[in-house]
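One-letter residues, chain by chain:
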Amino acid sequence: MIEFNKLLILSIVAALLELDVYYVGVFLIAQPIFLGAFAGYFLGDIKIGILLGSIVQLIWINNPPVGAFVPPSSSAIAFISTVFSLEMIKNNGNLNKEALLMFCLIIGITAGYFIGQTDIWHRKLNVKIIHLFENKIKECKEKYIYLIQILSLTIKFLKDFFIFIVIINGIFLAESIFISLPYQIIRGLKIAFWIMPIIGLAVIFNMMGTKEGMRLHGIIFLLSYLLFYLLKGNINILFFILIITLFGFSFAYVLIFKNKKATE
Amino acid sequence: MKKINWLDIFMGGFKLNFLQSSWNFERLQNIGFLFSIYLILKKIYKNNIELLKKAIERHIDFFNTNIFFASAVFGMIVRLEEELDNSDAHKKHTEIESAKIGVMGPLAAIGDSIFWSTIKPFALLIGCGFTYLMGFTPESFFYGFGLSVIIFNLPRIIIKYYLLIKSYYDYNNLFLLLQKIKFQYIVKVIKIAALFLLGAIMAGFFYQKNLNLIPVRLFDNVLLIVIFIFITIALKKKTVISHIIIAIVIFSILLSYLIT
């Protein structure tokens, strides 16, 4: 069982960071990769947090908070799956790690969709709150504007905080379910976890797909694979990514602006 | 006559960070916008409570645009509130209302396609690229996430405050400026560069990834490419992510039973 003070700090920080997803600022600090890493660091294994955070990050990258669209909370998915995974590993070290991560990811996804649904309820509640104070605002009572803003943020924070507390308390239940799963399902979950990062890569490919870009993507993929193969993976990744990015930008710039001049 | 100064504009722009704090399904970002502009309205109409009430009435109405491009609407509206003649309150009300409605939509479209569909995924792709290739280590997180935050926030801050100043001091030329900047080309360049990067990240990741289902690396890599193509086709057909995940879990479990 997770210690109460740890649970409290984790839930407070996660609920506060959740505000950055949509409600305040949107500085990108509440992204799944960060929340996963934070939970991992706090619970003693940052690597698992980063792993789960990056997988979730790419899978739900195409969920912009635009207009009336309320996506599932990807930060909550990363946060909850990391906390569940690390606590379950701590309680029972003999569990199959990959299968366990997939199992916790499924729990996280369910929680993330639930938080998304509660965000819809919250926005409906905001309509009622605004109606309640609208006349006061129209009479130039400034404090009611602040009141609505503070009330909305407080509701969002408390809602997420309590959801995190309640869900995280279900770790023991998740653990007993996982232990009782047959070997074939455990192995199936392990295979599914192996496939998960590919979904994220496919999401980005689908999102960024332009006619010119898709062809180039194939060529760069093959060339880079050859490079990794020939150098047996001994590549300075920082240098490699920076070079590829610069090369990509220069190439895209020439390609697009050459076409533009041709059409003009 | 100038009634507000640059600090008021800057503070209003800063308060736009709370534009979506009380987002609602009826009038979307209305309270957030009113929250940002209220102190400026108070300064502009300090001697006339009736005009202030009228101004509040128009800004408590529907408001929706991209949160980073909202500064352009904000600057322009502040300028109009300050500049337009107060003698005909109805005319002023109509003019500001139509100006606001006229700019919100196009700015939302430009802002959303630039930030949510291009810069944000690109920034996070770099971040995740580091973690995928460097083996999910704290160093990879430090480089990757740090770069993501910088790549996303730098243009965001520059665009936001540039538009804020430009729309207040030179609002007549705002649309001319927006037309001059070829946003569609910028988006295309970033998208092609992102696919370049994705190709390299995928190659490195596939090279490292080994399921050992059958202990032949090439088999693993071919299988990964086939899965990648299947998921891409499913996404092209607008399949929901959660359905894809459920299908993969079911497929994997069935595969596991078949291998036994």
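Residues numbered from 1 in each chain as written. Chains lettered and ligands numbered in written order. Predicted model: local features only at pLDDT ≥ 70, side-chain atom pairs only at ≥ 80, totals over all residues. Heavy atoms only, no water.

Caption draft 1: Expanded view of the overall build of chain B. In terms of regular secondary structure, chain B is built from 10 helices and 0 strands. Listing the helices and strands of chain B from first to last along the sequence gives α-α-α-α-α-α-α-α-α-α. Since a compact globule built from 260 residues should have a radius of gyration of about 18 Å, the 25 Å found for chain B marks it as more spread out than a globular shape. The dimensions of chain B, computed from C-alpha atoms along their principal axes, are 85 × 30 × 30 Å. A buried classification covers 58% of the 260 residues belonging to chain B. Expressed as a percentage of contacts within chain B between residues at least 6 apart in sequence, the contacts between residues at least 24 apart total 70%. On chain B, roughly 11000 Å² of surface is accessible, and the fraction owed to carbon and sulfur atoms is 69%. (Helix = DSSP H or I, 4+ residues; strand = E, 2+ residues; numbered from the N terminus. Rg over C-alpha atoms; globule rule 2.2 N^0.38 Å. Buried < 20%, exposed > 50% of the residue type's maximum accessible area, 1.4 Å probe, protein only. Contact = heavy atoms within 4.5 Å. Areas by Shrake-Rupley, 256 points an atom, 1.4 Å probe, with all protein chains shown as cover.)

Caption draft 2: Molecular detail of the overall build of chain A. Per the secondary structure count, chain A includes 10 helices and 0 strands. When the helices and strands of chain A are read in sequence order from the N terminus, they spell out α-α-α-α-α-α-α-α-α-α. Out of the 264 residues belonging to chain A, those deemed buried represent 58%. Total accessible area on chain A stands at roughly 11300 Å², and carbon and sulfur atoms take up 69% of it.

Caption draft 3: Representation of helix H2 (residues 32-43) of chain A in the model. With 12 residues, H2(A) should cover 16 Å at 1.5 Å per step; its first-to-last C-alpha distance of 16 Å lies within 8% of that length. Of all the positions in H2(A), only A:Pro32, A:Ile33, A:Leu35, A:Gly36, A:Ala37, A:Phe38, A:Ala39, A:Gly40 and A:Leu43 are classed as buried. The secondary structure elements touched by the buried residues of H2(A) are helix H1 (4-22), helix H3 (46-59) and helix H4 (74-91) of chain A together with helix H5 (89-133) and helix H6 (138-169) of chain B. At the exit of H2(A) stands A:Gly44, carrying a positive phi of roughly 100 degrees. (Expected span 1.5 Å × (residues − 1).)

Caption draft 4: Inspection of the packing of H1(A) against H2(A) at higher detail. All names here are of chain A. Look at H1 against H2: their axes get within 11 Å of each other, and the N-to-C directions meet at 165 degrees. Between H1 and H2, the interaxial angle falls into the category roughly antiparallel. For the pair H1 and H2, the sense of crossing is right-handed. Touching Lys-6, Ile-9, Leu-10, Val-13, Ala-14 and Leu-17 of H1 are Phe-34, Leu-35, Phe-38, Ala-39, Phe-42 and Leu-43, all from H2. Here the contact of H1 with H2 is built from residues that sort into 11 nonpolar, no polar and 1 charged. (Axes fitted to C-alpha atoms, helices over the stretch in contact; angles between N-to-C directions. Parallel < 35°, antiparallel > 145°, perpendicular 65-115°, else oblique. Left-handed = near helix turned anticlockwise from the far one by under 90°. Nonpolar A, V, L, I, M, F, W, Y, C, P; charged D, E, K, R; others polar.)

Caption draft 5: Empty space enclosed by the protein, seen in detail. Using the criterion set out here, one finds 2 cavities of 30 Å³ or more in the structure. Here the largest cavity defines a volume of roughly 280 Å³. Lining of the largest cavity is provided by 24 residues; of these, A:Val21, A:Asn63, A:Pro65, A:Pro71 and A:Pro72 occupy positions nearest its centre. Of all the secondary structure elements, the ones that give two or more residues to the lining of the largest cavity are H1, H4 and helix H5 (97-138) of chain A together with H5 of chain B. Among the elements that make up the lining of the largest cavity, the one with the highest residue count is H1(A) (3 residues). Among the residues making up the lining of the largest cavity, the classes are represented as 13 nonpolar, 6 polar and 5 charged. Along the walls of the second largest cavity sit 13 residues, with A:Gly25, B:Leu16, B:Asn17, B:Ile67 and B:Phe68 positioned nearest its centre. Of the residues belonging to the lining of the second largest cavity, the class tally is 8 nonpolar, 3 polar and 2 charged. (1 Å grid on protein atoms, 1.4 Å probe; cavity = no way out; pocket = protein on both sides within 12 Å on 5 of 7 lines; lining within 4 Å. Points joined across faces, edges and corners; volume = space filled by probe spheres on them.)

Caption draft 6: Molecular detail of the packing of aromatic side chains. Residues and elements named next belong to chain A. Scanning the entire structure with this criterion turns up 40 aromatic pairs over all chains. A centroid spacing of 6.0 Å and a plane angle of 35 degrees characterise the contact between Phe-38 and Phe-42, whose relative ring orientation is tilted. Of this pair, Phe-38 and Phe-42 both sit in helix H2, 4 residues apart, which is roughly one turn of that helix. Its relative accessible area of 18% is what places Phe-38 among the buried residues. (Phe/Tyr/Trp six-rings, centres within 6.5 Å; stacked < 30°, edge-to-face > 60°.)

Caption draft 7: The arrangement of unusual backbone geometry in detail. Even without being a glycine, A:Val26 presents a positive backbone phi close to 60 degrees. Structurally, A:Val26 is set in the loop between H1 and H2. The phi angle at B:Phe136 is positive, at roughly 55 degrees, despite the residue not being glycine.

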